[in-house]
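Structural overview
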Amino acid sequence: MIDRRWSAVIILYVGCIAAALTCGCAGGAGTATPLPPEDTAALRTRALDLLLRAATTGSAETRCNAMEALARVAPRAGAEAIRQNLRHDAPIVRYAACVAIGDARIVAALDDVLRLLRDREPRVVLGAAFAAYRCGEARQAEVLVRTLAQGADEGLRADAALLIGRLGEKSAVRRLRFTVATDRATRVIITAYGALAALGESDAVDRLIEYAQGAAETRVLALLTLADSPAERARDTLLYRLRQRSEYIQARLLAARALGRLGSKEGLSLALQAATQTGRDEIETYYIRSLAAHALGAIGDTRALGTLRNLAAIPDDGVQVAACYAILQIVPPTQN
């Protein structure tokens with residue numbers, strides 16, 4: 001189930017790695033284009049409108065990405081659009097809607113979420129348990145813990161680890177440490193270390209730094225994890241990866257995004273350049289441009305708005321959603 005639909009949070013684990021392992025490197029510098037205040041206001045309005053439309057009329061993958069963005073930058077404006085997707089035919093959309101509801105704590109959706117605890121798809125049940133917990137039903141944490149221990153496939157266990165980390169409960173540390181000691185799937189282990197890092201376990205950050213210096217596949221997985229929850233002690237490693245011109249462009253963009261969330265603009269030039277880069281096929285182009293948009297949003301420099309405006313206008317729904325998410329990170333809605 002891992003393909004273009006998995007964005008920065010439900011993120012690109014296999015798809016991004018596959019692209020990174022086949023993609024060449026990139027260099028060069030981008031340019032930043034400031035916008036006048038009136039254009040900035042209009043761009044902000046258009047970006048929010050596009051995300052709302054994408055969440056309600058887009059394809060399954062587009063809806064997933066749009067809901068994730070709305071939960072982070074415009075939860076009030078996006079609440080109804082997210083709720084509508086709890087009834088979508090595609091299990092992945094129902095799961096993403098649950099995760100978005102949990103992230104945004106849309107308590108008004110709790111009754112609908114609780115009904116999905118009886119869904120026939122294990123991943124939807126997992127998402128519903130996360131949302132229910134975040135909306136006040138603490139007993140549903142057991143579903144996440146059980147899935148982490150007994151999930152039928154590594155993707156499901158990795159999702160459980162990711163969501164457990166987002167709950168912010170220190171009581172989960174023991175369970176996560178057991179997972180990294182016993183699970184044999186690299187993806188699960190790295191995601192569990194990410195959850196431990198999110199819960200304040202500094203040694204878990206050290207392990208992620210080690211993985212970020214390893215073989216290509218584990219390196220990208222670790223950078224994906226650090227990009228979602230960056231830690232100050234990883235700054236030197238992230239800077240090294242960003243500056244390595246021999247590194248895959250996707251890995252460098254993930255480092256740029258993580259550094260942006262740490263307050264560094266060092267990846268701005270690379271992200272601007274990558275935003276207009278064309279890959280060897282449509283999928284590779286999507287990965288590069290969307291990761292560039294995510295990096296620009298995390299960096300938060302208003303000079304990137306001209307580039308993001310252009311990205312939001314190209315005929316690729318996935319790139320449009322990534323660009324609009326970035327725009328609203330830089331210039332948040334007046335009432336989100």
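Since the structure is predicted, the reported quantities are computational estimates derived from the model, not experimental observations. (Residues numbered from 1 in each chain as written. Predicted model: local features only at pLDDT ≥ 70, side-chain atom pairs only at ≥ 80, totals over all residues. Heavy atoms only, no water.)

**Brief notes about the overall build of the protein chain**
When its secondary structure is counted, the protein chain shows 19 helices and 0 strands. Looking at the protein chain residue by residue over its 336 residues, the buried ones come to 62%. Counting contacts in the protein chain only where the partners sit at least 6 residues apart, residues at least 24 apart contribute 67% of the total. Within the structure as shown, the protein chain displays about 13200 Å² of accessible surface, and the carbon and sulfur contribution to it stands at 48%. (Helix = DSSP H or I, 4+ residues; strand = E, 2+ residues; numbered from the N terminus. Buried < 20%, exposed > 50% of the residue type's maximum accessible area, 1.4 Å probe, protein only. Contact = heavy atoms within 4.5 Å. Areas by Shrake-Rupley, 256 points an atom, 1.4 Å probe, with all protein chains shown as cover.)

**Let's talk about the packing of aromatic side chains**
Taken as a whole, this structure holds 2 aromatic pairs when the rule is applied. With a centroid separation of 6.3 Å and an interplanar angle of 45 degrees, the aromatic rings of Tyr193 and Tyr211 are classed as tilted. Pair noted here: Tyr193 is in helix H11 (residues 186–198) and Tyr211 is in helix H12 (residues 202–211), with a separation of 18 residues, a long-range link. Tyr211 carries the same exposure label as Tyr193, and that label is buried. (Phe/Tyr/Trp six-rings, centres within 6.5 Å; stacked < 30°, edge-to-face > 60°.)

**A few points about helix H8 (residues 141–150)**
Each α-helix turn comprises 3.6 residues. Residues three or four places apart therefore point the same way. Every buried residue of H8 is accounted for by Val143, Leu144, Thr147 and Leu148. Buried residues of H8, seen end-on, are gathered within an arc of 135 degrees and therefore sit on one face of the element. (Arc of directions from axis to C-beta.)

**What to know about unusual backbone geometry**
Trans is the prevailing form of peptide bonds, just as negative phi is the prevailing case for residues other than glycine. Even without glycine at this site, Arg105 takes up a positive phi of about 50 degrees. Position of Arg105 relative to the elements: it lies in the loop between helix H5 (91–104) and helix H6 (110–115).

**What about the nonpolar core?**
Here is a general trend for soluble globular proteins: nonpolar side chains tend to be buried in one another's company. Formed by 126 residues in total, the largest nonpolar core has its most connected members in Ile82, Ile101, Leu176, Leu238, Leu253 and Leu308. Discounting residues that sit within four places of it in the chain, Leu238 has contacts with Leu223, Leu226, Ala255, Ala258, Leu259 and Leu262. (Core = buried A, V, L, I, M, F, W, Y, C linked by side-chain atoms within 4.5 Å.)

**Side note on the packing of helix H2 (residues 37–57) against helix H4 (residues 75–84)**
Viewed as axis vectors pointing N to C, H2 and H4 meet at an angle of 15 degrees, and their least axial separation amounts to 9 Å. Looking at the two axes, H2 sits roughly parallel to H4. Where H2 crosses over H4, the two elements pack in a sense that is left-handed. Note on element contacts: H4 touches H2 through Ala77, Gly78, Ala81 and Gln84, opposite Leu48, Leu52, Ala55 and Thr56. The class makeup of the residues in the contact of H2 with H4 is 5 nonpolar, 3 polar and no charged. (Axes fitted to C-alpha atoms, helices over the stretch in contact; angles between N-to-C directions. Parallel < 35°, antiparallel > 145°, perpendicular 65-115°, else oblique. Left-handed = near helix turned anticlockwise from the far one by under 90°. Nonpolar A, V, L, I, M, F, W, Y, C, P; charged D, E, K, R; others polar.)

**Here we look at helix H10 (residues 173–182)**
Considered for burial, the residues of H10 that qualify are Val173, Leu176, Thr179 and Val180. When H10 is viewed along its axis, its buried side chains cluster within an angular range of 120 degrees and face the same direction. Of the exposed residues in H10, the ones pointing more than 90 degrees away from its buried face are Arg174 and Ala181. On the buried face of H10, the contacting elements are H8, helix H9 (154–167) and H11.

**Let's talk about the packing of H8 against H9**
Between H8 and H9, whose axes approach to 8 Å, the crossing angle comes to 145 degrees. For the crossing formed where H8 meets H9, the hand is left-handed. Across from Leu144, Val145, Thr147 and Leu148 in H8, the residues of H9 making contact are Leu156, Arg157, Ala160, Ala161, Leu163, Ile164 and Leu167. Taken together, the residues that form the contact of H8 with H9 break down as 9 nonpolar, 1 polar and 1 charged.

**Quick notes on the pattern of salt bridges**
Taken as a whole, this structure holds 20 salt bridges when the rule is applied. One salt bridge connects Asp119 with Arg94, and the closest N-O pair in it is separated by 3.0 Å. Of the two residues, Asp119 is situated in the loop between H6 and helix H7 (122–134) and Arg94 in helix H5; the sequence distance between them amounts to 25 residues. The exposure class of Arg94 is buried, given its relative accessible area of 6%. The partner of Glu247 in a salt bridge is Arg219, with the nearest N and O atoms 2.9 Å apart. Here Glu247, found in the loop between helix H14 (235–243) and helix H15 (249–261), pairs with Arg219, found in helix H13 (residues 216–228); they are 28 residues apart in sequence, far enough to count as distant. Through salt bridges with shared partners, one network takes in Lys170, Arg177, Glu201 and Asp203. (Salt bridge = Lys/Arg side-chain N within 4 Å of Asp/Glu carboxyl O.)

**Things to note about the confidence of the model for the protein chain**
Considering every residue of the protein chain, the mean pLDDT works out to 90; 90% of them sit at 70 or more. Contacts of residues 1–29 to residues separated by more than four positions or lying in other chains number 96 contacts, the stretch itself having pLDDT below 50. (pLDDT = per-residue confidence, 0-100.)

**Considerations on the environment of Val113**
Examined against the element boundaries, Val113 turns out to sit in helix H6. Spatially, the C-alpha atom of Val113 lies 9.6 Å from that of Arg94, the residues being 19 residues apart in sequence. The residues touching Val113, leaving out its near neighbours within four places in the chain, are Leu86, Ile101, Ala128, Ala131 and Ala132.

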